[in-house]
Amino acid sequence: MSALRKNIADMAGYVPGFQPEDAASYIKLNTNENPYPPSPRVIEAINAEVGEGLRRYPDAASRLAREEAGRLYGFDPSWIIMANGSDEVLNNLIRAFAGEGEEVAYIHPSYSYYGTLAEIQGAKVRTFGLSEAFEPQGIPERYDAKLFFLTNPNAPLGFTYSQKYIADLAGRLSGVLVVDEAYADFAEENSLELVRSLDNVVVTRTFSKSYSLAGMRLGLAIARPEVIAALNKIRDHYNLDRLAQTAAAAALSDQEYFRGCVAKIKETRAWFTAELEKIGYHVIPSSGNYVFASPPDRDGTRVYQGLYDRKILVRHFTDPKLSHGLRISIGTKEEMERTVQALVEIGPGR
Ligand SMILES: *Cc1c(COP(=O)(O)O)cnc(C)c1O
């Protein structure tokens, strides 16, 4: 199709984690979904919204959800934008800041979707690797990329950068540092203070993991009002439907339920990590709702297949920096017990 833009014709397209048709017959630990249901308040709020009112457009400003988020995080709602999944706001950040041929940077390995979004925009992609100690390598002392995406906690590896490192990095950039905090609710620290104190830091969050709402497509960004105003020009004006808006506000308002789910996942993460170490796996200490673990023979494909044969789905990346291990989402305790049992059966491979 010769009318296509060349960058679109040439690009491969992002491949999301596998969603099997008969998901219920698997232990599904491959896309970092939450094993617990959303807050009962979310279900109630959605049910209350279902009705004849759906003939009306939703609030274009997602005001109630933004007010709830503002209260929770301690920001005026003018610092918050709601998104149809955090992927939407990542995309709009690129559209706002990186023109054709301008540079968008991120760490490899991290979330490769930044690269896909930059390619669509026709922006230039530059990635920086990690040392053995997970220090980013080769970032210029003064760096003029338009956007730098830092996934913190890192996905798929699970480690975190210190807030000092993040502040230093922001100071070296003439462009914007986007801290993708998709998993920050499972970590001990976050960069919300840096959004307040530094003028080029943006934080993005998702409801897909810690709030058990991957199916609703909800995310948000926190940034200076000038940045939010720019993002508001770019997004679809009705980017969140009525059900999503009410679900977001209800989810954020039920912090007691939220904290309970996060606590259970962190507890299971610690237990699962220790069990994997007992059977000889190398596990990177994780601040997310997943662990990156490698078997003694460093053959991720073998173990992926063994688990798949036992109807346990995990994520294996063919990338040479990641193919020695697996990213395993933290499910319920029972799911993780069955996973350990399966790994024992599969064996160390040498
Ligand atoms: C899951 C994930 C996202 C996407 O979140 P959605 O809100 O579901 O679009 C963004 N960044 C990272 C690092 C993620 O793991």
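See the structure above.
Residues numbered from 1 in each chain as written. Predicted model: local features only at pLDDT ≥ 70, side-chain atom pairs only at ≥ 80, totals over all residues. Heavy atoms only, no water.

J.: Looking at this structure, I do not really get the overall build of the chain. What am I missing?
T.: Helices and strands together make up the secondary structure of the chain, namely twelve helices and twelve strands. By residue count, 53% of the 350 residues in the chain fall in the buried class. For the chain, contacts bridging at least 24 residues in sequence account for 71% of all contacts bridging at least 6. When the accessible area of the chain is evaluated, it comes to approximately 16,000 Å², of which 50% is carbon and sulfur surface. Counting 39 positive and 45 negative side-chain charges, the chain places the averaged centre of each group 2 Å from the other. (Helix = DSSP H or I, 4+ residues; strand = E, 2+ residues; numbered from the N terminus. Buried < 20%, exposed > 50% of the residue type's maximum accessible area, 1.4 Å probe, protein only. Contact = heavy atoms within 4.5 Å. Areas by Shrake-Rupley, 256 points an atom, 1.4 Å probe, with all protein chains shown as cover. Lys, Arg positive; Asp, Glu negative; His and termini not counted. Charge placed at Lys NZ, Arg CZ, Asp CG, Glu CD.)

J.: Whenever I open this one, the packing of helix α3 (residues 63-73) against helix α9 (residues 242-253) confuses me. Can you help?
T.: Helix packing for two helices is described by the angle between their axes and how far apart those axes are. Between α3 and α9, the shortest axis-to-axis distance is 8 Å and the interhelical angle comes to 20°. What the angle tells us is that α3 and α9 run roughly parallel. As for the relative orientation of α3 and α9, their crossing is left-handed in sense. Residues Leu64, Ala65, Glu68, Ala69, Leu72 and Tyr73 of α3 lie in contact with α9, whose contacting residues are Gln245, Ala248, Ala249, Leu252 and Ser253. Split into classes, the residues belonging to the contact of α3 with α9 amount to eight nonpolar, two polar and one charged. (Axes fitted to C-alpha atoms, helices over the stretch in contact; angles between N-to-C directions. Parallel < 35°, antiparallel > 145°, perpendicular 65-115°, else oblique. Left-handed = near helix turned anticlockwise from the far one by under 90°. Nonpolar A, V, L, I, M, F, W, Y, C, P; charged D, E, K, R; others polar.)

J.: Could you clarify how one ought to interpret the sheet that holds strand β7 (residues 201-206) in this entry?
T.: Sheet strands associate in pairs through backbone hydrogen bonding, adopting either a parallel or an antiparallel arrangement. Strand order in the open sheet made by the seven strands is β2-β8-β7-β6-β5-β3-β4, with mixed pairing throughout. Two strands in the sheet have a free side with no partner beyond their single neighbour: β2 (80-83) and β4 (124-128). The average angle at which neighbouring strand axes cross in this sheet is 20°, direction not considered. Here three bridges tie strand β3 (residues 103-107) to strand β5 (residues 147-151), and the two strands are oriented parallel to one another. Each residue of the ladder has a partner; that of tyrosine 106, found in β5, is phenylalanine 149. In the packing of helix α6 (residues 163-172) onto the sheet, the strands contacted are β5, β6 (176-180) and β7, and the crossing angle to β6 comes to about 150°. (Pairing = 2+ DSSP bridges.)

J.: Teacher, can you tell me more about the pattern of salt bridges here?
T.: Pairs may arise between side chains of opposite charge once their charged atoms sit close together. Applying the stated criterion to the full structure yields 23 salt bridges. Salt-bridge contacts for lysine 278 lead to glutamate 275; the nearest nitrogen and oxygen are separated by 2.8 Å. In this pair, lysine 278 and glutamate 275 are both assigned in helix α10 (residues 255-278), three residues apart and thus about one turn of the helix distant. Since its relative accessible area comes to 63%, lysine 278 is described here as exposed. Judged by its relative accessible area of 18%, glutamate 275 is buried. One continuous salt-bridge network, built from bridges that share partners, spans Asp59, Arg63 and Glu67. (Salt bridge = Lys/Arg side-chain N within 4 Å of Asp/Glu carboxyl O.)

J.: What is the right way to read the packing of aromatic side chains from this model?
T.: Aromatic rings considered in pairs are described by the distance between their centres and by the relative angle of their planes. Counted by the stated rule, this structure contains 19 aromatic pairs. Measuring from centroid to centroid gives 5.5 Å for tyrosine 106 and tyrosine 114, while their planes differ by 65°, and the two rings are edge-to-face. On the basis of an interplanar angle of 15° and a centroid distance of 4.3 Å, the ring pair of tyrosine 211 and phenylalanine 258 is categorised as stacked. One end of the pair, tyrosine 211, is in the loop between β7 and β8 (219-222); the other, phenylalanine 258, is in helix α10, and 47 residues separate them in sequence. In this structure, tyrosine 211 and phenylalanine 258 share a single accessibility class: buried. In textbook terms, an aromatic cluster arises when at least three aromatic residues are bridged by ring pairs, as seen for Tyr14, Tyr106, Tyr111, Tyr113, Tyr114 and Phe149. Directly above the aromatic system of phenylalanine 75 lies the positively charged group of arginine 196, at a separation of 4.1 Å from the ring centroid. (Phe/Tyr/Trp six-rings, centres within 6.5 Å; stacked < 30°, edge-to-face > 60°. Lys NZ or Arg CZ within 6 Å of the ring centre and 35° of its normal.)

J.: In this structure, what is going on with the site of the ligand? I would like to understand it.
T.: Around the ligand, the structure places 13 residues, and the nearest of them are Ser86, Tyr183, Thr206, Ser208 and Lys209. Within the backbone of serine 86, one N or O atom sits 2.6 Å away from an oxygen atom of the ligand. Relative to its free-state accessible area of 390 Å², the ligand is covered by the protein chains to the extent of 92%. Class assignment for the residues of the shell around the ligand results in four nonpolar, five polar and four charged. (Near = heavy atom within 4 Å. Polar contact = N/O pair within 3.5 Å; in protein donor to acceptor, adjacent residues only side chain to side chain.)

J.: What is the right way to read helix α2 (residues 40-49) from this model?
T.: Every α-helical turn comprises 3.6 residues, leaving residues that sit three or four positions apart pointing alike. What α2 keeps buried is the set Val42, Ala45 and Ile46. The buried residues of α2 occupy one face: seen down the axis, they fall within an arc of 95°. Of the exposed residues in α2, the ones pointing more than 90 degrees away from its buried face are Glu44, Asn47 and Ala48. Tucked inside the fold, the buried residues of α2 contact α9. Looking at where α2 begins, the residue whose side-chain oxygen comes 3.0 Å from the main-chain nitrogen of arginine 41 is serine 39. (Arc of directions from axis to C-beta.)

J.: Would you mind showing me how to read the pairing of β8 here?
T.: On a regular strand, each side chain points to the face opposite its neighbour's, so the side chains alternate between the two faces of the sheet. Here β8 shows no split at all, with Gly219 and Ala221 on one side and Leu220 and Ile222 on the other all buried. Pairing of β2 with β8 involves four bridges; the strand directions are antiparallel. Of the residues in β8, the one forming a bridge with methionine 82 is leucine 220. Two strands pair when backbone bridges link them, and β7 and β8 are joined in this way by four bridges, in the antiparallel orientation. Counted as the bridge partner of valine 203 is isoleucine 222 from β8.

J.: What should I look at first to understand the pairing of β6 in this one?
T.: Counting buried positions over the five residues of β6 gives five, a clear majority of the element. Here β6 shows a buried face lined by Val176, Val178 and Asp180 and a second buried face lined by Leu177 and Val179. Bridge count for β5 against β6 is five bridges, and the pairing is parallel. Within β6, the residue paired with leucine 150 across the bridge is valine 179. Running through α6, the crossover from β5 to the neighbouring parallel element β6 is right-handed. In this sheet, β7 lies alongside β6 in parallel orientation, the contact comprising four bridges. From the neighbouring strand, leucine 177 faces β7, where its bridge partner is valine 201. (Right-handed = clockwise from strand over helix to strand, strands pointing away.)

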